[in-house]
Amino acid sequence: MFRSLLLLLIGMLGSTQWAQASGPADLPGYTEGAQVIRIAQETGQVDSISGVIYAQWKSTRSVRQMRMALLVPRTDELKPAIVYFPGGGFISSEHEKFIEMRMALARAGFVVAAVEYRTVPDRFPAPLEDARAAVRYLREHAAEYGIDPARIGALGDSAGGYVAQLLGAATGEKRFDKGVFLDKSGDVQAVVSLYGISSLLNIGAGFPDKLRSVHESPAVTEALLLNGPAFAGFAGASVQSTPEKALDASSMGHVKGRKPPFLLFHGSADQHVSPEQSAQFYRALIAGGNKAEYVLVEGAGHGDLTWFQAPVIERVTSWFRQTLGQPLKRGPAIRDDKANL
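This text gives an overview of the structure that appears in the document.

Rules behind the numbers
Residues numbered from 1 in each chain as written. Predicted model: local features only at pLDDT ≥ 70, side-chain atom pairs only at ≥ 80, totals over all residues. Heavy atoms only, no water. Axes fitted to C-alpha atoms, helices over the stretch in contact; angles between N-to-C directions. Helix = DSSP H or I, 4+ residues; strand = E, 2+ residues; numbered from the N terminus. Parallel < 35°, antiparallel > 145°, perpendicular 65-115°, else oblique. Left-handed = near helix turned anticlockwise from the far one by under 90°. Contact = heavy atoms within 4.5 Å. Nonpolar A, V, L, I, M, F, W, Y, C, P; charged D, E, K, R; others polar. Pairing = 2+ DSSP bridges. Polar contact = N/O pair within 3.5 Å; in protein donor to acceptor, adjacent residues only side chain to side chain. Phe/Tyr/Trp six-rings, centres within 6.5 Å; stacked < 30°, edge-to-face > 60°.

## Quick word on the packing of helix α3 (residues 126-140) against helix α5 (residues 159-169)
Logical step 1: Axis separation between α3 and α5 bottoms out at 10 Å; the angle between their running directions is 70°. Overall, the two elements α3 and α5 adopt an arrangement that is roughly perpendicular. In this structure, α3 crosses over α5, and the sense of that crossing is right-handed. In contact with Pro127, Leu128, Ala131, Arg132 and Val135 of α3, α5 contributes Val163, Leu166 and Leu167.
Logical step 2: Residues of the contact of α3 with α5, tallied by class, amount to 7 nonpolar, no polar and 1 charged.

Have a look at this one:
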């Protein structure tokens, strides 16, 4: 009777509680004074795979290899995947950051690929070419990582949000497909953007004159991404000097047609990327009959600690679950470490 009651209480306490096991003297390895516990196995493992080369770009005298880092839940289920693009002001793409968000997604059953992409001094469309190449790589190697190639989403923050948004907005535009695995699609089925950029033309919309003038300079990073640096006979050019080119390099320039679902976040106190960037893109998506949600976070700045808190991470995770679906109880098992990466 006592044993049955104790087992019932252990079940009610759940896996987060430590519980005294019954009959400890009968357990192999028991000795007087040992603390005996029983732990339910409810959390799976997540494997981390860094330094994966997903593309390489050849120039006259060099070859540049582009890397991604993967978090792969160790299951034999067919899993949706998320491609994460890091922010960095168009001058860096340190892809192994934001581990809080990436690990939460992996724990929820997603394969998460954090992707390095080309930044200044490389010019547009290099970041978008990299984004599509990364998605094609995942589809080519889907069986190795247990990925469902029909369910791939994109996630990015700041400049990474710019890349994720542009990737979703430019759905079906094969002119941005360069490199290998060209028989695979570079399109994604869902996009989440945190304080991303939707138009290079008005990043400082609504800002005071002093802040807005920075974005009108030919030396600002988005101008370098678009037009390159001043050199030899070229004095440099602002984003505003080439509006058609700037629009083509922005998700606002690709809003016509059907798009994947979007979830947009922005902080009301952002002083780097105007909240109007997310608001205008949301309006354009809705006007086009597309599915979109927009979350304005009161008082949040650009990349501050707000974005590492549970409500944000849980909202992103649950939205991807609802939009891309859960892992399926079928599919190939993950291959061993001899798999061809």
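After presenting the structure, the write-up continues.
## Concerning the sheet that holds strand β3 (residues 79-85)
Logical step 1: Strand order in this open sheet of 8 strands is β1-β2-β4-β3-β5-β6-β7-β8, and the pairing throughout is mixed. Here the strands that pair on one side only, and so sit at the sheet edges, are β1 (46-58) and β8 (292-297). Across the sheet, the axes of successive neighbouring strands diverge by a mean angle of 20°, strand direction being ignored.
Logical step 2: Taken together, the 6 bridges between β3 and strand β5 (residues 147-157) define a ladder with parallel strand orientation. Its bridge partner lying in β5, Ile82 is registered against Gly153.
Logical step 3: Across the sheet, α5 touches β3, β5, β6 (190-194) and β7 (262-267), and the angle it forms with β5 is around 140°.
Logical step 4: The sheet contacts of helix α9 (residues 276-287) involve β7 and β8, and relative to β7 the element is tilted by about 155°.

## Side note on the side chain of Ser278
Logical step 1: By the secondary structure assignment, Ser278 is in helix α9.
Logical step 2: Of note is the side chain of Ser278, whose polar atom sits 2.7 Å from the side chain of His266.
Logical step 3: Apart from residues no more than four positions distant in its own chain, Ser278 is found in contact with Gly196, Leu264, Phe265, His266 and Tyr294.

## Some thoughts on the packing of aromatic side chains
Logical step 1: A full pass over the atoms with the stated rule returns 12 aromatic pairs.
Logical step 2: Taken together, the ring pairs connect Tyr84, Phe98 and Phe308 into an aromatic cluster.

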